[in-house]
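# Results of the structural survey
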Amino acid sequence: MKPRGGQYARRRRNPPGTAPGTVTVDPAAGPSHLSAFVLHEGALREIPETALADVPDPAEADVLWLNVDGLGDATLLTALAARFGLHPLALEDVVNAHQRPKAETYDAHLFIVLRMPRTGTPRFETEQIALCMGERFVLTFQQEPGDVFDPVRSRLRTPGARIRERGVDYLTYALIDAVTDAFFPALESLGERLETLEAGVVGAPTPAHIGEIHALKHELMALRAAVWPMRDLLGTLLRDDAPHLSAATKVFLRDCQDHCFQLIEMVETYREIASGLVDIHLSSMANRTNEIMQVLTLIATIFIPLTFIVGVYGMNFSPDAGPLSMPELRWRWGYPVVMASMALLAGGLALWFWRRGWLGGARR
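Residues numbered from 1 in each chain as written. Predicted model: local features only at pLDDT ≥ 70, side-chain atom pairs only at ≥ 80, totals over all residues. Heavy atoms only, no water.

Bringing the overall build of the chain into the picture now. Helix and strand content of the chain: eight helices and seven strands. Here the C-alpha atoms of the chain give a radius of gyration of 36 Å, more than 25% beyond the 21 Å that 2.2 N^0.38 yields for 364 residues. The dimensions of the chain, computed from C-alpha atoms along their principal axes, are 125 × 45 × 35 Å. The burial tally for the chain puts 41% of its 364 residues in the buried class. Sequence separation of at least 24 residues holds for 62% of the intrachain contacts in the chain that already meet a minimum separation of 6. (Helix = DSSP H or I, 4+ residues; strand = E, 2+ residues; numbered from the N terminus. Rg over C-alpha atoms; globule rule 2.2 N^0.38 Å. Buried < 20%, exposed > 50% of the residue type's maximum accessible area, 1.4 Å probe, protein only. Contact = heavy atoms within 4.5 Å.)

In structure tokens:
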């Protein structure tokens, strides 16, 4: 039985029966830091570090993107939700960072949850990204500093870029697309590891390969759990009448959905290959065992007649007992003849085995 708190467990920070909308932050979560991009009449103002009181009012900007790194400050998050009119259930999902990707529509905003691949880790891991899109603002909540949004920030800093003219819905699409595209390098890295592992399993399998295959399958399961729900999320955004989401932006979301389908196909292919590697490993190990047993059997077969000859001449018969009592023991060439006969017999058997293809030679 798997111990409690293991890799399959999901610890809830709210006990059963807690009122909906209760905000309980993770004690291990880092402090919350705010940064913002403000677009107004084509001009951009970037605020790398700010306090909530200094955040501009969305009514005074065309687009306000406020990013929150760290979910450990419950007071700040509650005040932020009150200022931007976030629904209590949305804020609860923000701090409970084990949500599956989803999209929910509330009266004042659209709430989206994504899983973002982490960079710089030896194994594939994801963290939760929550987005709230209102009439003039986009809020993003991250578990830890560091994300995949640098290309979006670079486009915002570029004068005349499309992203600076399309509004909050296009910015929301750009953020979703950045998260989706970030899975491709992670999946390519898993594919390279899978190819290396496949070559090792087919060429020279070792017991350590089973552990590597098991770890790779777990990472592919985590990637599948992050990508598959995104298909439903994007389908919801394209089908439903989400607030502040224009038809022009939905065209770009369809392209993002196509990328998601590509990811799903690649993940399923890699999972099938990884599952097949277990069978290949077992077959390769069985074949190596059979080859070893075959060689040992052939060696034993060669020595069986030699052992018989040695056993016969090891009997304690005396040549003085009679003319039929092993008279060759007194023969001058008896020992060389016996040794030569044994060598010819062993060589003849080895040659016959080789001609049959049992010692690596082609069967003739």
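Our focus in this paragraph is the sheet that holds strand E4 (residues 102–105). Pairing between the strands of a sheet comes from backbone hydrogen bonds, and it takes one of two forms, parallel or antiparallel. Ordered by their spatial adjacency, seven strands build an open sheet running E2-E1-E3-E7-E6-E5-E4, and the pairing between neighbours is mixed. This sheet does not close on itself; its edge strands, each paired only once, are strand E2 (43–50) and E4. Geometrically, the sheet is characterised by an average inter-axis angle of 15° between neighbouring strands, direction not taken into account. Here E4 pairs with strand E5 (residues 110–117) via four bridges, running antiparallel. (Pairing = 2+ DSSP bridges. Axes fitted to C-alpha atoms, helices over the stretch in contact; angles between N-to-C directions.)

Okay, unusual backbone geometry next. A positive phi is found at Met-326, a non-glycine position, where the angle reads about 50°. In this fold, Met-326 is placed in the loop between helix H7 (247–313) and helix H8 (334–355).

Time to look at empty space enclosed by the protein. With the rule as written, the count across this model stands at one cavity of 30 Å³ or more. In terms of lining, the largest cavity is formed by Leu-110, Ile-112, Asp-169, Thr-172, Tyr-173, Ile-176, Leu-237, Leu-245 and Leu-253. Elements with a minimum of two residues in the lining of the largest cavity: E5 and helix H4 (168–181). It is H4 that provides the largest number of residues to the lining of the largest cavity, a total of four residues. Counted by class, the lining of the largest cavity contains seven nonpolar, one polar and one charged residues. (1 Å grid on protein atoms, 1.4 Å probe; cavity = no way out; pocket = protein on both sides within 12 Å on 5 of 7 lines; lining within 4 Å. Points joined across faces, edges and corners; volume = space filled by probe spheres on them. Nonpolar A, V, L, I, M, F, W, Y, C, P; charged D, E, K, R; others polar.)

Now for helix H1 (residues 74–84). If you check which residues of H1 are buried, you get Leu-76, Leu-77, Leu-80, Ala-81 and Phe-84. Taken down its axis, H1 places every buried residue within 135° of arc, on the same side. In H1, those exposed residues whose orientation departs by more than 90 degrees from the buried face are Thr-75 and Ala-82. Taken together, the buried residues of H1 touch strand E1 (33–40), strand E3 (63–69), helix H2 (88–95) and strand E7 (137–142). At the N-terminal end of H1, a side-chain oxygen is found 3.3 Å from the backbone nitrogen of Thr-75, two or three residues along, and the residue is Asp-73. (Arc of directions from axis to C-beta. Polar contact = N/O pair within 3.5 Å; in protein donor to acceptor, adjacent residues only side chain to side chain.)

With that settled, the discussion passes to the layout of surface pockets. Rolled over the atoms, a probe sized like a water molecule indicates the empty space that remains. Taken as a whole, the second largest pocket holds about 280 Å³ of empty space. Considering the residues around the second largest pocket, the lining is formed by 17 residues, among which Arg-118, Thr-121, Phe-124, Ala-186 and Ser-189 are closest to the centre. Top element by residues in the lining of the second largest pocket is helix H5 (residues 183–203). It accounts for five residues. For the lining of the second largest pocket, the class distribution of residues is eight nonpolar, four polar and five charged.

Assignment of secondary structure puts Lys-250 in helix H7. In this structure Lys-250 comes out as buried when scored by relative accessible area, which is 13%. In this view, Lys-250 contacts Leu-237, Leu-238, Asp-240, Asp-241 and Leu-245; residues no more than four positions away in its chain are not counted.

Turning our attention to the pattern of salt bridges. Should their charged atoms come close, side chains of opposite charge can pair. Summed over the entire model, instances satisfying the criterion amount to 14 salt bridges. Across the pair Glu-104 and Lys-102 runs a salt bridge whose closest N-O atoms are separated by 3.3 Å. Note on Glu-104: relative accessible area 27%, which makes it partly exposed. Residue class for Lys-102 comes out buried when judged on its relative accessible area of 18%. The shortest N-O distance in the salt bridge between Arg-123 and Glu-219 comes to 3.0 Å. Of this pair, Arg-123 sits in the loop between E5 and strand E6 (126–133) while Glu-219 sits in helix H6 (residues 208–239); the two residues are 96 residues apart in sequence, bridging distant segments of the chain. Classification of Arg-123 by relative accessible area gives partly exposed; the value is 39%. Look at Glu-219 and you get buried, because its relative accessible area is 5%. The network of salt bridges with common partners includes Arg-118, Glu-125, Glu-127 and Glu-144. (Salt bridge = Lys/Arg side-chain N within 4 Å of Asp/Glu carboxyl O.)

This is a description of form; function is not addressed.
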